[in-house]
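Chain by chain, the residues:
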Amino acid sequence: MSEIDLGAVESLTEKLRAEVGKAIVGQNSTVDLMLVALLSGGHILLEGVPGTAKTFLAQTFSYAMKLDFGRIQFTPDLLPGDLIGTNLFNFQTSEFSLIKGPIFCDLLLADEINRTPPKTQAALLEAMQERQVTIDGNAHSLGQNFMVIATQNPIEQQGTYPLPEAQLDRFLFKHVLDYPSREEEIEIIQRHGSQTGAPDLNSMGVKPFASTASIKAAKAVIPKIRLNEDISHYIVDLVRGTRSNPLFETGASPRSAAMIAVASRAAAALNGRDYVIPDDVKAIALPALRHRAILSPTAEIEGRSADAVIKAVIEQTEAPR
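Described in the following lines is the structure provided in the data block. (Residues numbered from 1 in each chain as written. Predicted model: local features only at pLDDT ≥ 70, side-chain atom pairs only at ≥ 80, totals over all residues. Heavy atoms only, no water.)

## Quick notes on the overall build of the protein
The test is simple: By definition, any uninterrupted DSSP run of H or I lasting at least four residues is a helix, any uninterrupted run of E lasting at least two residues is a strand, and each is numbered from the N terminus. Between the two quantities, the radius of gyration covers C-alpha atoms and the globule rule is 2.2 Å times the number of residues to the power 0.38. In this scheme, a residue with accessible area under 20% of its type's maximum is buried, one over 50% is exposed, and one in between is partly exposed, where area comes from a 1.4 Å probe on protein chains only. Note on contacts: a residue pair qualifies if any of its non-hydrogen atoms lie within 4.5 Å across the two residues. None of His or the chain ends enter the tally, which takes Lys and Arg as positive and Asp and Glu as negative. Think of each charge as sitting on NZ of Lys, CZ of Arg, CG of Asp or CD of Glu.
On a plain count of helices and strands, the protein comes out with 13 helices and 11 strands. Its C-alpha radius of gyration of 20 Å places the protein within 12% of the 20 Å reference for a compact globule of 321 residues. For the protein, the spread of C-alpha atoms along the principal axes amounts to about 70 × 45 × 45 Å. Here the protein, with 321 residues, has 49% of them falling under the buried criterion. Within the protein, contacts between residues at least 6 apart in sequence are counted, and of these 79% link residues at least 24 apart. Charge centroids of the protein, computed over 30 positive and 38 negative side chains, lie 3 Å from each other.

## Some points on the sheet that holds strand β5 (residues 107-111)
Where strands meet in a sheet, backbone hydrogen bonds hold them as pairs that are either parallel or antiparallel. The test is simple: Any two strands with at least two DSSP bridges between them are considered paired. Note on geometry: axes are C-alpha line fits, over the in-contact stretch for helices, and angles between N-to-C directions span 0 to 180 degrees.
With parallel pairing, 5 strands are arranged side by side in an open sheet as β2-β5-β8-β1-β9. Lying at the two open borders of the sheet, with one neighbouring strand each, are β2 (69-73) and β9 (173-176). Within this sheet the neighbouring strands show an average axis-to-axis angle of 20°, counted without direction.

## Notes on the nonpolar core
Inside soluble globular proteins, nonpolar side chains tend to come together where they are buried. Inclusion rule: Buried Ala, Val, Leu, Ile, Met, Phe, Trp, Tyr and Cys residues form a nonpolar core when they are joined through side-chain atoms within 4.5 Å.
Ranked by internal contacts, the top residues of the largest apolar core, which has 73 residues, are L35, L39, F61, M65, I149 and F173. It is helix α10 (residues 254-270) that provides the largest number of residues to this core, a total of 10 residues. For L39, the contacting residues outside a window of four places in its chain are V9, L12, A218, K219, I222, A266 and L270. I103, A123, I135 and L168 belong to the second-largest nonpolar core, a separate cluster that totals 25 residues.

Printed below as a string of structure tokens:
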């Protein structure tokens, strides 16, 4: 097989890390997962307590990548039409005209997605799967770069609606943002402790650098990354391991195995390789599986966590040499 040119991915990765690093302290793994999701055609759910820069991170990522950014605050009274748009009758032209909702963008930040009822959450399903929305029977494309970054707060459950399993399965990753280290928190104060409110990305030196062509070129590399039969078997064994584990009531879906394969290819490309190794799979297995495997009632009573059980499955699954 001819050698694969990783230049497009390497350039995108290096520049993105540098530009986001001007505004965001730490969170390197989060930035990499967001880029893997973009190159894999996936979506990402960010979970973290308030103040861990979930929204700011999404804005900085979108700004640096020159993606058309849309944001919507999910609330209990949000209707599907508020998200996707609606056709309104124009009395001057006697015709219906489409009023596009905020979903018509490249990167949609769905803030506090678990605060809106299931009917509105379901309006995202078609967009996330097909990259289109249907309004009054007509399909409208959202473009091939369309990506959802959703956020949710894990500690405040009053007035929230847990995401249904079908929607969770559409997210490539569920990434949990932890508190920064002491050194990182000191640097955050030094950078942002002189002002309140949203920082200005331009004044912080963040420069938009990507283009539609550069993202398209990087995406074109991913299917060419080699994933041999042993790695395919390893991915399937990991996924099936969640189904055979008695601590899970429901294991990960077949869709998750295919998505992990694509994401592993993207992770390998980010690391400068044209082939996938087991470490690429292990690096993304936890965020790719933690929202797809549902703990059994017995495991919940015992105080188990999905993360701990998935980590055990990863450790117990034999990786190819």
